[in-house]
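# A structural walkthrough
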Amino acid sequence: MPVRIRLDDLLHDRRMTLTDLADRVGITLANLSILKTGKARAIRFSTLEAICRALECQPGDLMIWQEGED
Amino acid sequence: MLRVTDRVVWMLEVLNRIFMAVFVLVLLATALAGEWLRSRIGAPASLDAGTVIAAVRLVMLLGLATGVAVSTIFRRLREIFAAVRAGDAFAPVNGVRLRHIAWALLAIQLLDLALGAVAAFVERAAGMPLGWSFTLTGWLAVLLIFVLAEVWTQGAAMRDELEGTV
């Protein structure tokens, strides 16, 4: 998918696990895994807001667009 | 509730099959024992026994065709019930099933019109009322189910769009 989610990098920088993030943002681990592995087809603004608040980052830090990736 | 409804529909389907079997038996009787039936029919003077037999055959055939359409409705209904019980009410295939039900209902309405035509002919020839009358309810149901099928299909598409949304 051309839009890549950099959740792994952000979690690593903050020494946080996916489980920790799931607890903080109130999103299921299953859904966060779907997001992390690039299988999500869409993200709600409420989810984006919760992740950015928990990771203290900007939406642009979380997602990058790279042309040509599938 | 759904389980009870499913059982009811199952019993109605059994009843439908029994009726269809009776229609087949009557058809066979007109074919194999036509002469005997002709001699036994107390047809009014204005209507010969042969015409009565032909009318009976036609009505049985219309009944059989109706039974096929009714069976389609019951089968599709039970398939929808199964999908809903499995937690997948808005599977796209349920929109298709509803459309099949609508087409089967339309077939039943058309067969009913044909039955009305036979009844009108017999009434005029025999001079006795048979009690068939046109009702709008079935036709409205056809329209309703087609609309519902379209709504269901769009709902399934909307659900599909949400799939994979976090």
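Below is a short write-up of the structure. Keep in mind that this is a model prediction, so the values were computed, not measured. (Residues numbered from 1 in each chain as written. Chains lettered and ligands numbered in written order. Predicted model: local features only at pLDDT ≥ 70, side-chain atom pairs only at ≥ 80, totals over all residues. Heavy atoms only, no water.)

### Observations regarding the overall build of chain A
To keep things clear, this is the line we draw: Helix numbering and strand numbering both begin at the N terminus, where a helix is a DSSP run of H or I of at least 4 residues and a strand a DSSP run of E of at least 2. In this scheme, a residue with accessible area under 20% of its type's maximum is buried, one over 50% is exposed, and one in between is partly exposed, where area comes from a 1.4 Å probe on protein chains only. Any two residues whose heavy atoms approach within 4.5 Å at even a single point are treated as in contact. The accessible surface values rely on the Shrake-Rupley method and a 1.4 Å probe; as for residues, cover is taken only from the protein chains in view. The charge count treats Lys and Arg as positive and Asp and Glu as negative. His and the chain ends do not count. All charge positions are set by atom: Lys at NZ, Arg at CZ, Asp at CG, Glu at CD.
Within chain A, the regular secondary structure consists of five helices and two strands. Across chain A, helices and strands are ordered from the amino to the carboxyl terminus as β-α-α-α-α-α-β. Residue burial in chain A is summarised as follows: out of 70 residues, 31% are buried. Considering only contacts in chain A between residues 6 or more positions apart, those separated by 24 or more positions represent 62%. Total accessible area on chain A is roughly 4700 Å²; 51% of this is exposed by carbon and sulfur atoms. Distance between charge centroids for chain A: 4 Å, based on 10 positive and 11 negative side chains.

### As for the interface of chain A and chain B
The cut-off we apply is this: Buried area adds together the accessible area that both of two parts lose upon being put together, with accessible area traced by a 1.4 Å probe. Note on definitions: salt bridges are taken to be side-chain nitrogens of Lys or Arg within 4 Å of carboxyl oxygens of Asp or Glu. By the criterion applied in these results, polar contacts are pairs of N or O atoms within 3.5 Å in which, for protein atoms, one can donate a hydrogen and the other can accept it, and in which residues neighboring in sequence qualify only through two side-chain atoms.
At the junction of the two partners, chain A supplies nine residues and chain B supplies six residues. For the chain A and chain B pair, buried surface summed over both sides reaches about 660 Å², with 51% attributable to carbon and sulfur atoms. It is Arg41, Ala42 and Arg44 of chain A in chain A that bury the most area against chain B; as a group they hold 66% of the surface buried on that side. The interface formed by chain A and chain B holds zero salt bridges in total. Taken together, the links from chain A to chain B amount to six residue pairs in polar contact (both at pLDDT 80 or more). In terms of residue count, helix α3 (residues 29-36) of chain A provides more of the side of chain A that touches chain B than any other element does, three residues in total.

### Topic: the packing of aromatic side chains
All names here are of chain B. This is how the line gets drawn: In summary, the pairing rule links any two rings of Phe, Tyr or Trp, Trp by its six-membered ring, whose centres are within 6.5 Å, and it sorts them by plane angle into stacked for under 30 degrees, edge-to-face for over 60 and tilted for everything else. Both a distance and an angle decide whether a charge sits over a ring: NZ of Lys or CZ of Arg must be within 6 Å of the ring centre and within 35 degrees of the ring normal.
Applying the stated criterion to the full structure yields two aromatic pairs over all chains. Here the aromatic rings of Phe90 and Trp152 are separated by 5.2 Å at their centres, their planes lie at 25 degrees, and the arrangement is stacked. One end of the pair, Phe90, is in the loop between α3 (49-85) and α4 (92-126); the other, Trp152, is in helix α5 (residues 137-162), and 62 residues separate them in sequence. Summarising the aromatic geometry, the rings of Trp103 and Phe146 are spaced 5.0 Å apart at their centres and angled 85 degrees between planes, so their arrangement reads as edge-to-face. With Trp103 in helix α4 and Phe146 in helix α5, this pair connects stretches of sequence that are 43 residues apart. Taking the ring centre of Trp10 as reference, the NZ or CZ of Arg7 above it sits at 5.1 Å.

### Some points on the nonpolar core
Heads up, the condition is: Definition used in this section: a nonpolar core is a set of buried Ala, Val, Leu, Ile, Met, Phe, Trp, Tyr and Cys residues joined via side-chain atoms within 4.5 Å.
Counting 22 residues, the largest nonpolar core has Leu7, Leu21, Leu32, Leu35 and Leu55 of chain A as its most contacted members. At the level of elements, α1 (7-13), α2 (18-25), α3 and α4 (45-55) of chain A are the ones that each hand at least two residues to this core. If you tally residues by element for this core, the top one is α4 of chain A, at six residues. Once residues within four sequence positions are removed from consideration, Leu55 of chain A is found in contact with Leu7, Leu10, Leu11, Arg14, Met16 and Leu21 of chain A. Counting residues in each nonpolar core, the second largest holds 17 residues, with Leu98, Ile101, Leu106 and Val142 of chain B among its members.

### Examining the state of the cysteines
All names here are of chain A. Rule in force here: Disulfide: a pair of cysteine sulfur atoms within 2.5 Å of each other.
Evaluation of the coordinates by the stated rule reveals zero disulfides over all chains. As a non-bridged cysteine, Cys52 has Cys57 as the owner of its nearest cysteine sulfur, 4.1 Å distant. Residue classification places Cys52 among the buried positions, given a relative accessible area of 10%.

### Looking at the side chain of Gln109 of chain B
Residues and elements named next belong to chain B. Turning to its location among the elements, Gln109 is positioned in helix α4. Among the residues examined, Gln109 registers a relative accessible area of 9% and is labelled buried. Other than its neighbours up to four places away in sequence, Gln109 contacts Gly138, Trp139 and Val142.

### Observations regarding helix α1 (residues 2-32) of chain B
As a reminder, the rule being used: Multiplying 1.5 Å by the residue count of a helix minus one yields the expected span of that helix.
The terminal C-alpha atoms of α1 of chain B, which comprises 31 residues, lie 45 Å apart, in line with the 45 Å expected from a rise of 1.5 Å per residue. On its buried side, α1 of chain B packs onto α2 (34-40) and α3 of chain B.

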